[in-house]
Amino acid sequence: MKNSIRLLAILFLASFALVSCDKDDEATPTLYDRLGGVAAISAVVDQFLTNVVGDNVINARFAATVASPSRTQLLRNNLIDQICAGAGGPCQYKGKTMLESHKGMNITQAEFNALVGDLVAALDKFKVPQKEKDDLLAILGPMQTDIVGK
Ligand code: HEM
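To start, this report covers the structure provided alongside it. (Residues numbered from 1 in each chain as written. Predicted model: local features only at pLDDT ≥ 70, side-chain atom pairs only at ≥ 80, totals over all residues. Heavy atoms only, no water.)

**Topic: the nonpolar core**
Right, so step 1: Ranked by size, the top nonpolar core spans 22 residues in total, and within it Leu 35, Ile 41, Val 45, Phe 48, Leu 119, Leu 123 and Leu 136 carry the most contacts.
Right, so step 2: Looking at this core, the elements with two or more residues in it are α2 (31–35), α3 (37–53), α5 (69–86), α7 (109–125) and α8 (130–140).
Right, so step 3: The element that contributes the greatest number of residues to this core is α3, accounting for six residues.
Right, so step 4: Leaving out residues up to four positions away in the same chain, Leu 119 has contacts with Val 44, Phe 48, Leu 136, Leu 137 and Leu 140. (Core = buried A, V, L, I, M, F, W, Y, C linked by side-chain atoms within 4.5 Å. Buried < 20%, exposed > 50% of the residue type's maximum accessible area, 1.4 Å probe, protein only. Helix = DSSP H or I, 4+ residues; strand = E, 2+ residues; numbered from the N terminus. Contact = heavy atoms within 4.5 Å.)

This is the structure:
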């Protein structure tokens, strides 16, 4: 009898421990989770690419990409993986480094800002909250040093 009471007490306490673990997980979801996972990220990337193609400040840069469906597909997949992985999701970025892929393009600060604006417009279209926008831009912003003026 004593033993079964002790066992019940242990189970009772253990269930509290499990519940509090769950709560911890809920309290600290990754940016990937907060963005809504790979489906939501893919939808944002598609809108972002649509915005880029319509953006006269930078769309000439992507003329050759847009002319080739396979190249467009590869860029799309690389961007999804890059954002997913950067946000703590279960993806692996398999593309070139930012320095390798933008070297020789001499991208200006104005062009970089235009592209970020196109991304923000895509995030706004899907009503991504300010905190998640800030967190994502904090991941992508530092890439500027490997992209602008290279
Ligand atoms: C934070 C900003 C940026 C990010 C995260 C980014 C990301 C990427 C990625 C992942 C790729 C593909 C790399 C690969 O093929 O392995 C790429 C390629 C490229 N990026 Fe960017 N990029 C940024 C800014 C820019 C800007 C400002 C421009 C020009 C205005 C630009 C123009 C290009 C072009 C032309 C390509 C080649 C596309 C192709 O392969 O057809 N990028 N970028």
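Having seen the model, we can carry on.
**Considering the packing of α7 against α8**
Right, so step 1: One way to put it is that α7 packs onto α8 with a least axis distance of 11 Å and a crossing angle of 150°. As far as their axial angle goes, α8 and α7 are roughly antiparallel. Here the hand of the crossing between α7 and α8 comes out right-handed. Of the residues in α8, those in contact with Phe 112, Val 116, Leu 119, Val 120, Leu 123 and Asp 124 of α7 are Lys 133, Leu 136, Leu 137 and Leu 140. (Axes fitted to C-alpha atoms, helices over the stretch in contact; angles between N-to-C directions. Parallel < 35°, antiparallel > 145°, perpendicular 65-115°, else oblique. Left-handed = near helix turned anticlockwise from the far one by under 90°.)

**Details of the pattern of salt bridges**
Right, so step 1: By the definition in use, this model includes seven salt bridges.
Right, so step 2: A salt bridge links Glu 132 to Arg 34; its shortest N-O distance comes to 2.7 Å. In this pair, Glu 132 is assigned in helix α8 and Arg 34 in helix α2, connecting sequence segments 98 residues apart.
Right, so step 3: Among the residues examined, Glu 132 registers a relative accessible area of 10% and is labelled buried.
Right, so step 4: Taking the shortest distance from any N to any O, the salt bridge between Glu 111 and Arg 61 comes out at 2.8 Å. Taken together, the residues span a long stretch of sequence, with Glu 111 in helix α7 and Arg 61 in the loop between α3 and α4 (63–66) at a distance of 50 residues.
Right, so step 5: When its relative accessible area of 14% is taken as the criterion, Glu 111 is described as buried. (Salt bridge = Lys/Arg side-chain N within 4 Å of Asp/Glu carboxyl O.)

**Focus on the state of the cysteines**
Right, so step 1: With the rule as written, the count across this model stands at one disulfide.
Right, so step 2: Each disulfide pairs two cysteine sulfurs, and for Cys 84 the partner residue is Cys 91, the sulfurs being separated by 1.9 Å. When the S-S torsion is 75°, as for the bridge of Cys 84 with Cys 91, the disulfide is right-handed.
Right, so step 3: Look at Cys 84 and you get buried, because its relative accessible area is 0%. (Disulfide = S-S within 2.5 Å.)

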